[in-house]
Amino acid sequence: MSKLGVNTPPGIVGTTVDEVVAAAEKMGAGVGEVVVKSQVLAGGRGLGTFKNGLQGGVHIVKTEEAGPLSEKMLGQTLVTKQTGEEGKPVNFVYIAKKVSLVNEMYFAILLDRATSGPIIIACSEGGTSIEDLAEAYPDRIIKVPINIHEGITDANAMDVVEGLKVTTDKKAACEQVKALYELFIKTDCTMVEVNPLAETADGQLVAADAKLNFDDNAFFRQKEIFALRDPTQEDPREVEAAKADLNYIGLDGSIGCMVNGAGLAMATMDIIQMHGGTPANFLDVGGSASEDQVVQAFKILQQDPKVKAILVNIFGGIMKCDVIAAGILAAAKQVGVSVPLVVRLEGTNVEAGKELISNSGLNIITADDLDDAAKKAVGAIA
């Protein structure tokens, strides 16, 4: 952020207690206090709780207290309202210089479907979640759409500054708004959220805390950013799926799904729920998956302890039914079939696929159509 001209509080990342002590001495010089922030990919850190009992993932402490505090954070698990009860591991802490904030605001840039471009959402109140702000101060939230072809204009920036009720140098504040927009565009963000965006005692507008999301499709031109990725903060199932170039999103249900095509995957999940079941995942193997990818997909489903049955629903077009069948059989032989497996095949090479399954000798439940498959999957764990 600072590279692109956004004002941020100085800070140093620490991965060990010794690194934290050294960082605190540097950041606390002349102030006597530092901010210690646990680094997890989730919001609500300040109100979170560590599984070891420590309250709060963000603390303002005396310089000499940063080391002992970090010892209770590093290597521990922080639970917030966004992590779920399993929490997230804290492998890094950020030691920031304490800045005197006199006014806190909320600022975000998102992609807006209605205007087909970026939109700035801002509120003159900040420091808490946008959901709480929208409920408490709905009249103070402003939205400024940006023309993606023209970029942000001086008028756009001033509309935001006026909406934020900035009391310091408004021209400088406009430059900060434009710098944040440049950050959004140049680093291929899907979201930039600054909360709080704050005015300091010396009259600066500072991004005191921020959350950024990046477009996965921009990996090829944002390699420096993606190199910072910490897989320990992600669902391990999704990490494994990404390695195999599979589209996977973990859910909390009990029926694992393997489908080709996002639309068919969504329909499969809906019909499972219609029949009283709950999907354990969204998994689209795509239209040109190899046998190896199918094997990896099956392994991911089998390794999920929540999965009590697996439903494979393939409509063969580019993705041939016999390739899917061969992948299923190869995976079943490698890792075994420990839960009921329901397979519905239709489309290209369907007869060849069905013949492979029929001759496999494995206990696979076949289905004639999607409705039949969903009923059998739900019934298998009833």
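The structure under discussion appears in the preceding block.
These notes cover the structure that comes with them. (Residues numbered from 1 in each chain as written. Predicted model: local features only at pLDDT ≥ 70, side-chain atom pairs only at ≥ 80, totals over all residues. Heavy atoms only, no water.)

## Focus on the state of the cysteines
In the structure shown here, the tally under the stated rule is zero disulfides. Not engaged in a disulfide, the cysteine cysteine 174 finds its nearest cysteine sulfur in cysteine 123; these two sulfurs lie 18 Å apart. When its relative accessible area of 8% is taken as the criterion, cysteine 174 is described as buried. (Disulfide = S-S within 2.5 Å. Buried < 20%, exposed > 50% of the residue type's maximum accessible area, 1.4 Å probe, protein only.)

## So, the nonpolar core
In this structure, Met258, Val312, Ile324 and Leu345 are the most contacted members of the largest nonpolar core, which totals 33 residues. Broken down by secondary-structure element, the contributors of at least two residues to this core are α9 (291-303), β17 (309-316), α10 (321-335), β18 (341-347) and α11 (350-358). Looking at this core element by element, the count peaks at seven residues for α10. Apart from residues lying up to four places away in sequence, methionine 258 is in contact with Leu283, Val285, Val294, Ala297, Phe298, Leu301, Leu311, Val312, Asn313 and Ile314. (Core = buried A, V, L, I, M, F, W, Y, C linked by side-chain atoms within 4.5 Å. Helix = DSSP H or I, 4+ residues; strand = E, 2+ residues; numbered from the N terminus. Contact = heavy atoms within 4.5 Å.)

## A look at the pairing of strand β8 (residues 101-112)
Relative to strand β11 (residues 189-200), β8 runs antiparallel, the two sharing eight bridges. By the bridge assignment for β11, isoleucine 109 is matched with valine 192. In the sheet, β8 pairs with strand β9 (residues 117-123) via seven bridges, with the strands oriented antiparallel. Residue pairing across strands places leucine 111 opposite proline 118, the latter belonging to β9. From the end of β8 to the start of β9, which pair antiparallel, there are four residues, and serine 116 there has a positive phi angle of about 55 degrees. (Pairing = 2+ DSSP bridges.)

## Observations regarding the packing of helix α8 (residues 262-274) against helix α12 (residues 370-380)
Put simply, α8 and α12 touch, their axes get as near as 9 Å, and they point 55 degrees apart. Classified by the angle their axes make, α8 and α12 are oblique. For the pair α8 and α12, the crossing hand works out as right-handed. Listed contacts from α12 to Thr268, Ile271, Ile272 and Met274 of α8 are Leu370, Asp371, Ala374 and Val378. When the residues that make up the contact of α8 with α12 are grouped by side-chain class, the tally is six nonpolar, one polar and one charged. (Axes fitted to C-alpha atoms, helices over the stretch in contact; angles between N-to-C directions. Parallel < 35°, antiparallel > 145°, perpendicular 65-115°, else oblique. Left-handed = near helix turned anticlockwise from the far one by under 90°. Nonpolar A, V, L, I, M, F, W, Y, C, P; charged D, E, K, R; others polar.)

## Here we look at the packing of aromatic side chains
Enumeration according to the criterion identifies two aromatic pairs in this entry. Note on tyrosine 181 and phenylalanine 184: the rings are 6.5 Å apart at their centroids and 25 degrees apart in plane angle, and the pair reads as stacked. With a gap of three residues between them, tyrosine 181 and phenylalanine 184 both fall in helix α5 (residues 170-186), about one helical turn apart. Ring geometry for phenylalanine 219 versus phenylalanine 226: centroids 5.6 Å apart, planes at 85 degrees, classification edge-to-face. (Phe/Tyr/Trp six-rings, centres within 6.5 Å; stacked < 30°, edge-to-face > 60°.)

## As for helix α2 (residues 66-73)
Here α2 has its buried residues at Ala66, Gly67, Leu69, Ser70 and Met73. Burial along α2 is one-sided: seen end-on, the buried residues are contained in an arc of 160 degrees. Among the structural elements, α1 (17-27), β2 (33-38), β3 (49-50), β4 (58-62) and β7 (93-97) are those in contact with the buried residues of α2. (Arc of directions from axis to C-beta.)

## Description of the sheet that holds strand β5 (residues 77-79)
Pairing within the open sheet is antiparallel, and its three strands lie in the order β3-β5-β6. Looking along the sheet, the strands with just one partner apiece sit at the ends: β3 and β6 (88-89). In this sheet, β5 lies alongside β3 in antiparallel orientation, the contact comprising two bridges. Bridge pairing in β5 links threonine 49 to valine 79.

## Some words on α8
Here α8 spans 18 Å end to end across 13 residues, near enough to the 18 Å set by a 1.5 Å rise per residue. Next to the buried residues of α8 lie β15 (255-259), β16 (281-284), β17 and α12. Where α8 terminates, the next one or two residues include glycine 276, which has phi positive at roughly 95 degrees. (Expected span 1.5 Å × (residues − 1).)

## Thoughts on the pairing of β11
Most of β11 is tucked away: eleven of the twelve residues are buried. Pairing between β11 and strand β12 (residues 205-207): three bridges, direction antiparallel. Along β12, the bridge assignment pairs leucine 197 with alanine 207. In sequence, β11 turns back onto β12 through a hairpin of four residues, with glycine 203 there showing a positive phi of about 85 degrees.

## Some thoughts on unusual backbone geometry
Following asparagine 195, the chain continues to proline 196 via a peptide bond in cis, the omega torsion being 10 degrees. With respect to the helices and strands, proline 196 occurs in strand β11. The phi torsion at serine 116 lies on the positive side, around 55 degrees, for a residue other than glycine. Checked against the element boundaries, serine 116 lands in the loop between β8 and β9.

## Some remarks on the environment of alanine 23
Here alanine 23 shows up in helix α1. Taking relative accessible area as the criterion, alanine 23 reaches 2% and is therefore assigned buried. Spatially, the C-alpha atoms of alanine 23 and leucine 283 are 43 Å apart, while their sequence positions differ by 260 residues.

## Describing the sheet that holds β4
Strands sit in the order β1-β7-β2-β4 across an open sheet of four strands; the sheet is antiparallel. The strands lining the two open edges of the sheet, one partner per strand, are β1 (11-14) and β4. This sheet shows a mean twist of 25 degrees between the axes of neighbouring strands, independent of strand direction. Summarising the sheet, β2 and β7 pair through five bridges and their orientation is antiparallel. In the strand pairing of β7, serine 38 is matched with valine 93.

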